[in-house]
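# Coordinates in review
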Amino acid sequence: MAETTAEATGGDLELLTAPVKKTYNKYALVTMQGMAAQIIMVILEGVIMGAGLGAHGLACVSIIMSVEYINLSFGNLFGTGVPTVMGNCLGAGDREGAKHVFGQGFWFTTYVAIVVAVVFELFAAPLATFFGATPDILADSAAGIRTFGVFLALTIIGQMLTGVLRVIEKPQQSANLMTASAIIAIGWLALAVLVLRLGVPGAGIYYGLSIGIWAAGIVYFVGPKAEFKVTAKEMKPDFAVWGQIFKIGFPFFVTQAGTFVYNTVVNNLLGQLGGKDGSLYIGAFAVINGYIVYIIMMFVNALTYGLQPLASVNNGASRYDRLKEALDWSLIVQVIVTAILTIVVVVFAAPISGFFDGGDPALTSAAAHAVRIMCLASVLGFMGAMVSSYLQSVEKVMLATVASLLRYVILACPLMVAVGNAMGTVDGVWYGLLTADILTGVVCLVIVAAENRRLDKLAGDPQAKATQE
């Protein structure tokens with residue numbers, strides 16, 4: 001096993017030596033720059049979608065969002081798995097091991113990404129039906145899925161590369177890719193929807209560009225100056241490394257896969273409970289989940305990205321004191337940021353919903369009503385993402401998986417089905433999610449308290465201290 005002395009771990013790594021709060025804030029804020037561009041992109045997307053596609057197009061977007069969540073599932077699997085395993089190597093002073101992990105991670109990501117893209121190209125129509133598309137939106141939804149599918153391999157690879165850039169201490173380059181992709185993608189969407197009138201397929205291309213451009217980060221991993229390189233010799237699988245990547249990334253895969261399950265369940269429930277207005281409620285859900293809640297989630301994701309490299313590198317170096325500080329501080333920041341965002345969207349639910357609905361008053365009313373219920377406890381619900389991010393960074397995979405599944409799968413789906421059917425209206429769906437958010441927060445606080453006790457014990461252990469020194 002590699003030694004974890006200051007010299008071995010690379011005392012020049014700011015992730016190991018700089019003040020924890022300052023370092024976390026730096027990584028979160030730099031990532032937030034890229035996310036801010038993505039958030040602006042999403043806001044403009046909603047305005048353009050609403051104006052150019054109307055309620056019908058927004059309903060199709062709600063179906064396409066299931067593909068987006070699957071894309072994010074695989075992106076998060078590799079975008080957290082590869083850099084976390086690399087981070088543990090770097091923290092332990094094993095740079096050669098980190099290089100090997102990157103090479104294997106790149107090709108593992110590429111192989112899986114190609115398979116996923118082919119599946120969506122071949123089975124777009126049946127998948128759209130499964131995702132909850134009603135007959136009136138099926139054809140356009142399938143067309144949007146096919147165009148999105150063309151870019152799926154690049155979107156998955158791009159998410160992995162930006163994650164690696166952060167762990168090798170190039171967060172600004174990662175943020176720059178996010179910013180550039182947002183500008184290009186939103187420019188295309190305006191052209192495609194408002195000028196060329198390409199409809200939902202044009203929107204599908206937009207979804208592909210919005211993250212697929214991140215794959216341009218490959219330029220930092222080729223050429224003579226690159227320390228971590230893409231090489232042909234790593235194309236042969238090292239299943240031990242693949243297993244590590246999958247083990248670490250699986251909780252994040254499950255988190256987004258759970259969001260996909262949740263999105264699909266909600267679409268089907270709204271179609272069923274909404275009766276003749278089913279597509280209207282699906283469109284309202286697109287406004288909420290595709291724009292309002294999605295924007296909050298992007299802020300939370302930026303905060304988790306700030307925690308992941310800090311936690312994984314310090315875990316590799318057995319710096320339990322820094323781990324505890326990173327966990328507690330990141331959770332405090334997440335609660336404050338999410339609380340502010342929640343208050344804004346609940347208080348201004350009607351004008352915010354109206355911003356994305358293309359001037360449809362019925363859609364505005366349905367979306368605003370739902371927001372006032374389902375977003376009330378978002379500050380608690382989104383704790384699951386932060387806690388899961390920390391747990392997977394310290395290789396507590398099973399517990400991380402539970403935390404990641406809490407909100408959308410373990411609690412929300414059964415509660416939405418139960419409460420929705422009990423009430424017999426779509427309001428039951430919204431109240432089901434509210435209950436799930438509250439319960440998620442309670443469970444996460446219990447997990448954090450237990451983890452703090454564990455870290456205190458390890459930091460006070462003489463053998464652990466000797467390892468740190």
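This structure is a prediction, so every number in the text was calculated from the model and none was measured.

### Section: the overall build of the protein
- Within the protein, the regular secondary structure consists of 19 helices and zero strands.
- Over its C-alpha atoms the protein spans a radius of gyration of 22 Å, differing by no more than 12% from the 23 Å that the globule rule assigns to 469 residues.
- Along the first, second and third principal axes, the C-alpha set of the protein runs to 70 × 45 × 35 Å.
- Per-residue burial for the protein yields a buried fraction of 60% across its 469 residues.
- Long-range pairs, those at least 24 residues apart, make up 82% of the contacts in the protein between residues at least 6 apart in sequence.
- For the protein, the exposed surface amounts to about 16800 Å²; the carbon and sulfur share of it is 69%.
- The distance from the centre of the 25 positive side-chain charges to the centre of the 28 negative ones in the protein is 4 Å.

### Some points on the environment of Ser393
- Residue position: Ser393 is located in helix H16 (residues 383–393).
- Separated by 313 residues in sequence, Ser393 and Thr80 have C-alpha atoms that sit 8.5 Å apart.
- Excluding residues that lie within four positions of it along the chain, Ser393 makes contacts with Thr84, Asn88, Gln308, Ala311, Ser312 and Asn315.

### Examining the side chain of Ser330
- Checked against the element boundaries, Ser330 lands in helix H12 (residues 320–347).
- Assessed through its relative accessible area of 0%, Ser330 is described here as buried.
- Reaching out from Ser330, the side chain makes a polar contact with the backbone oxygen of Ala326 at a distance of 2.9 Å.
- In this structure the side chain of Ser330 is engaged in a polar contact, spanning 3.0 Å, whose partner is the backbone oxygen of Leu327.
- Once you skip the residues sitting within four places of it in the chain, Ser330 turns out to touch Tyr24, Leu307 and Met386.

### Observations regarding the packing of aromatic side chains
- This structure, assessed with the given rule, holds 17 aromatic pairs.
- Centre to centre, the rings of Phe239 and Trp242 are 5.4 Å apart; their planes meet at 75°, and the pair counts as edge-to-face. Highlighted residues: Phe239 and Trp242, both in helix H10 (residues 239–273), separated by three residues, approximately one helical turn.
- Given a relative accessible area of 61%, Phe239 falls into the exposed group.
- Taken together, the ring pairs connect Phe78, Phe106, Trp107, Phe108, Tyr111, Phe239 and Trp242 into an aromatic cluster.
- The ring of Tyr305 has Arg166 sitting right over it, with the charged end atom 4.3 Å from the ring centre.

### A short note on the nonpolar core
- By size, the foremost hydrophobic cluster in this structure holds 166 residues, and its most contacted members are Met49 and Tyr262.
- Of the residues forming this core, the biggest block, 32 residues, is contributed by helix H3 (residues 20–91).

### Topic: unusual backbone geometry
- Its identity is not glycine, yet Glu169 carries a phi of approximately 65°, on the positive side.
- Take Glu169: it is sitting in the loop between helix H7 (152–167) and helix H8 (171–195).
- One non-glycine residue, Ser318, adopts positive backbone phi at about 60°.
- Note that Ser318 resides in the loop between helix H11 (278–316) and H12.
- Classification of Ser318 as buried rests on a relative accessible area of 13%.

### Quick word on the packing of helix H4 (residues 95–122) against H10
- Contact geometry of H4 with H10 gives a least axis separation of 10 Å together with a crossing angle of 75°. Taken together, the axis directions place H4 and H10 in an arrangement best described as roughly perpendicular. On H10, the residues touching His100, Val101, Gln104, Gly105, Phe108 and Tyr111 of H4 are Val241, Trp242 and Ile245.
- A class-by-class count of the residues in the contact of H4 with H10 yields six nonpolar, three polar and no charged.

### A word on helix H17 (residues 397–423)
- For H17, which comprises 27 residues, the first-to-last C-alpha distance of 37 Å matches the rise-based estimate of 39 Å (1.5 Å per residue) to within 8%.
- Along H17, the sharpest change in direction is near 80° and occurs at Leu406.
- Gly424 sits one or two residues past H17 and shows a positive phi near 75°.

### Remarks on the confidence of the model for the protein
- Scored by pLDDT, the protein comes out at a mean of 87, with 95% of its residues at no less than 70.
- pLDDT under 50 marks residues 1–10. Its contacts with residues more than four places away, or in other chains, come to 19 contacts.
- Contacts for the low-pLDDT stretch residues 464–469, under 50 throughout, to residues beyond four places or in other chains number 12 contacts.

Basis of the calculations
- Residues numbered from 1 in each chain as written.
- Predicted model: local features only at pLDDT ≥ 70, side-chain atom pairs only at ≥ 80, totals over all residues.
- Heavy atoms only, no water.
- Helix = DSSP H or I, 4+ residues; strand = E, 2+ residues; numbered from the N terminus.
- Rg over C-alpha atoms; globule rule 2.2 N^0.38 Å.
- Buried < 20%, exposed > 50% of the residue type's maximum accessible area, 1.4 Å probe, protein only.
- Contact = heavy atoms within 4.5 Å.
- Areas by Shrake-Rupley, 256 points an atom, 1.4 Å probe, with all protein chains shown as cover.
- Lys, Arg positive; Asp, Glu negative; His and termini not counted.
- Charge placed at Lys NZ, Arg CZ, Asp CG, Glu CD.
- Polar contact = N/O pair within 3.5 Å; in protein donor to acceptor, adjacent residues only side chain to side chain.
- Phe/Tyr/Trp six-rings, centres within 6.5 Å; stacked < 30°, edge-to-face > 60°.
- Lys NZ or Arg CZ within 6 Å of the ring centre and 35° of its normal.
- Core = buried A, V, L, I, M, F, W, Y, C linked by side-chain atoms within 4.5 Å.
- Axes fitted to C-alpha atoms, helices over the stretch in contact; angles between N-to-C directions.
- Parallel < 35°, antiparallel > 145°, perpendicular 65-115°, else oblique.
- Nonpolar A, V, L, I, M, F, W, Y, C, P; charged D, E, K, R; others polar.
- Expected span 1.5 Å × (residues − 1).
- Bend = angle between axes of the 7 residues up to and from the residue.
- pLDDT = per-residue confidence, 0-100.

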